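# Survey of secondary and tertiary structure
What follows is each chain in one-letter form.
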Amino acid sequence: AMDQDQDSAHDDRKKAVGFAPTPPTYHHHPPSVPPTTAASPGKTGGTANNTNKSNVHLMSTDGLVVVSAFLPVVLHRSDQGQWTADWDYEALLSMQTHLRVTRIGVVKWRGWHGNFGHTGAGGSTRSSMTSGVPLKERHLVEECLRPFHCVPVWIDTAVFGEMYNGFCKGVLWPVLHNVTSVYSSQPDNVVSPSAGAGSGMPHRSNSDSQFSEYSMDDVEQGPIHGGRGREKELWAAYNTVNRKFAEVVVQCFNEGDLVWIHGFHLLILPSYLTRRIPMAKVGIFLHTPFPSSEIFRTLWCREDLLRGILNADQVGFHLFEYARHFLTCCRRLLGLNYGMIPDSSGGHTLAIDQQGRHVIVTSIHAGIEPPVLNQILHHESTLKEAGQIRARYYGKTIFCSIDRLESLKGIPLKLLAIERFLRRCPEWVGKIVLIQVGISAFERGDDHIKTRNEVMEMVNRINELWPGTVHFQESVESKMRLQQRMALMRAADVVLATPIRDGLNLIPLE
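Keep in mind it's a predicted model, so treat the numbers as computed, not measured. (Residues numbered from 1 in each chain as written. Predicted model: local features only at pLDDT ≥ 70, side-chain atom pairs only at ≥ 80, totals over all residues. Heavy atoms only, no water.)

Turning our attention to the overall build of the protein chain. For the protein chain, the helix and strand inventory stands at 14 helices and 17 strands. Across the 510 residues that make up the protein chain, the buried fraction comes to 48%. Within the protein chain, contacts between residues at least 6 apart in sequence are counted, and of these 75% link residues at least 24 apart. For the protein chain, the computed accessible surface area is about 25600 Å², with 52% contributed by carbon and sulfur atoms. (Helix = DSSP H or I, 4+ residues; strand = E, 2+ residues; numbered from the N terminus. Buried < 20%, exposed > 50% of the residue type's maximum accessible area, 1.4 Å probe, protein only. Contact = heavy atoms within 4.5 Å. Areas by Shrake-Rupley, 256 points an atom, 1.4 Å probe, with all protein chains shown as cover.)

Have a look at this one:
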C-alpha cells in the first residue's frame, strides 16, 4: 500500500508539471471597456480573453514610463523659431490611456540620423552640432513636449546614426528577420580588406553612406564574430545610446512605476536599468520577428543581447513563433530552462528561469485605433481623393499596395505574380490596375537602391506588355500618412500585402 501511495504521489507530481489548464471561454468586452492592445509589464497574461483574472488593476494614479527609440510626436518649427507638437497617430505608442504615462525617446528633426550628406548640412565630417534640434533651442522643445508628458533624449546625431542606421538597420534588422550571409559580394565601392589600414574590415569610399554601408551581406570573408574594427564601433554606439536612455529613465522614474521598453533599438537597456533602479518592474516588447537560434547565433554580441533582454521582468512578442525562437536561443546559447509556472491568478504563465528569477514571456500583438480611422475615413478630403482615384481608373478593378522599398517587403514577387496572372488569364488584360506605393527606405542603404531599381525595371516591362497596368509611385513616409492611405484603400477593390517576412503589418487591419 505504501508503494502504491508513493507511485500515486509520483504521478501527481508529474501531472502538475508542463501543461496549463484549459483556458476560459472567450467573452467579448462591453462597448465601454476597450480591450487592451498589448500586455504591459506587471500585467502577466493581461489579455482580452483572460476575463477571470481580475485581481490586477492599474489605476489612473499608477505610473508608466514608456521608452522607445522615437517619441510618438511630430514637431513643427516656424520661421520665427516657434516650436509646436502634435501626436503622431501613425505611431502605435501614441495611443491614449487612463494611466499616468511618461514617454521617453528621441525627437525626429533635420539630420537626427546623422546623414549630413542628405540634409544639405555639409559633408559627412561636419560636426553633428549642425544637425538635429539646435542646442540653444532644446529647452524650447522640452517645454513644447511637457504638456504631452514626453521627455526627449538628447544624443549626438552622429552617434545615434551609427546606432540606428549602422547597427540596428545594418546588423540587427536582417538577423531578426532570419536573413544572414557571411560572404561578401564585394560591391564596387568597397575597398578590399587587404588595402585597408589594419582594421581588416571593408571600407566604403562614399562618405554619404557613412552609416548605411555595413550590412550582413557586406562583411569580410572568414571569421566575423570578433568585437573589432567596424563591428566594435557599431556595438560601442549601440551601448552609448542605450546608456543615454538609461540616464533619462532614471531621472523620470518614481518608485512604483512600470518601465515599458519598446523595440530592438534598446535591447540592452534593461541591463543598465537593473543596476541603477533594481526595484523597477521592467518589461520589453519586440515589434519585430525573432529569428531561430541558428540565425541569431551568427551575431558576435548574441549573449550580451540575450542577457540584456533577460534583465527585464517580462518579454513580449507579437507571435508565439517569435517567443519560441527566443526561448530556444536562451536554452541553446545560455543554457537556461523554461516552462509553465503558476501565477497569482490561478493560471499558468510561460517563464524562463534566470538564476532563480522568473522572466515572463508573453505573446500578444498590437492593434489599431478604429475611432481615429473612422474619423479620417469619413473626412471630406478623404472622400474627395478616393473619388478622384476611382474616376481616374473608372471601370477597372483597382489593386493597391503600400510597402517600404526593401527586399523583405516582397514587391518584386508581387509584380511577378501580377505578370503571371495576366499571362494565365488574358481576359483580365485592361480590366485591372495595380497602384503600388513604394515608401523610401534610405536607412537600408544598398538594399533600398537595389530594390527600387529592380521594381522600376519590372514595372516598365509589365507596362510595355500591357500599358497602364501598374502605376508605381515612390513616396517619402511623411507624404503617405494615414489620411493618404485611407483614401487609397477606400478607392481600391483589393489590397495586396505580400511581405516575405514582417513583424507586424498594420495595413490589413487598416
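The parallel open sheet is built from 4 strands, whose spatial order is β16-β15-β14-β17. One side of each edge strand has no neighbouring strand; the edge strands of this open sheet are β16 (470–475) and β17 (494–495). Bridge count between strand β14 (residues 397–404) and strand β15 (residues 432–439): 8 bridges; the pairing is parallel. Its bridge partner lying in β15, Cys400 is registered against Ile435. Across the face of the sheet, helix α12 (residues 411–424) comes into contact with β14, β15 and β16 while running at roughly 170° to β15. Across the face of the sheet, helix α14 (residues 482–491) comes into contact with β14, β15 and β17 while running at roughly 150° to β14. (Pairing = 2+ DSSP bridges. Axes fitted to C-alpha atoms, helices over the stretch in contact; angles between N-to-C directions.)

Let us now look at the environment of Thr157. Relative to the assigned elements, Thr157 resides in helix α4 (residues 157–176). In this structure, the C-alpha to C-alpha distance between Thr157 and Trp112, residues 45 residues apart in sequence, is 5.3 Å.

This next bit is on α14. Counting along an α-helix, one turn takes 3.6 residues, and residues three or four places apart therefore face a common direction. Most of α14 sits out of view: 7 of its 10 residues are buried. Buried within α14 we find Leu482, Arg485, Met486, Ala487, Leu488, Met489 and Ala491. The inward-facing, buried residues of α14 abut α10 (370–377), α11 (380–392), β14, β15 and β17.

Turning next to the packing of helix α8 (residues 302–310) against helix α9 (residues 320–334). Between α8 and α9, the shortest axis-to-axis distance is 11 Å and the interhelical angle comes to 120°. Taken together, the axes of α8 and α9 are oblique relative to one another. In the crossing of α8 with α9, the sense of the turn from one axis to the other is left-handed. Contacts between α8 and α9 involve Arg302, Glu303, Leu306, Arg307, Ile309 and Leu310 from the first element and Phe326, Cys329, Cys330, Leu333 and Leu334 from the second. Per-class residue counts for the contact of α8 with α9 are 8 nonpolar, no polar and 3 charged. (Parallel < 35°, antiparallel > 145°, perpendicular 65-115°, else oblique. Left-handed = near helix turned anticlockwise from the far one by under 90°. Nonpolar A, V, L, I, M, F, W, Y, C, P; charged D, E, K, R; others polar.)

The values reported here are purely geometric and, on their own, carry no functional implication.
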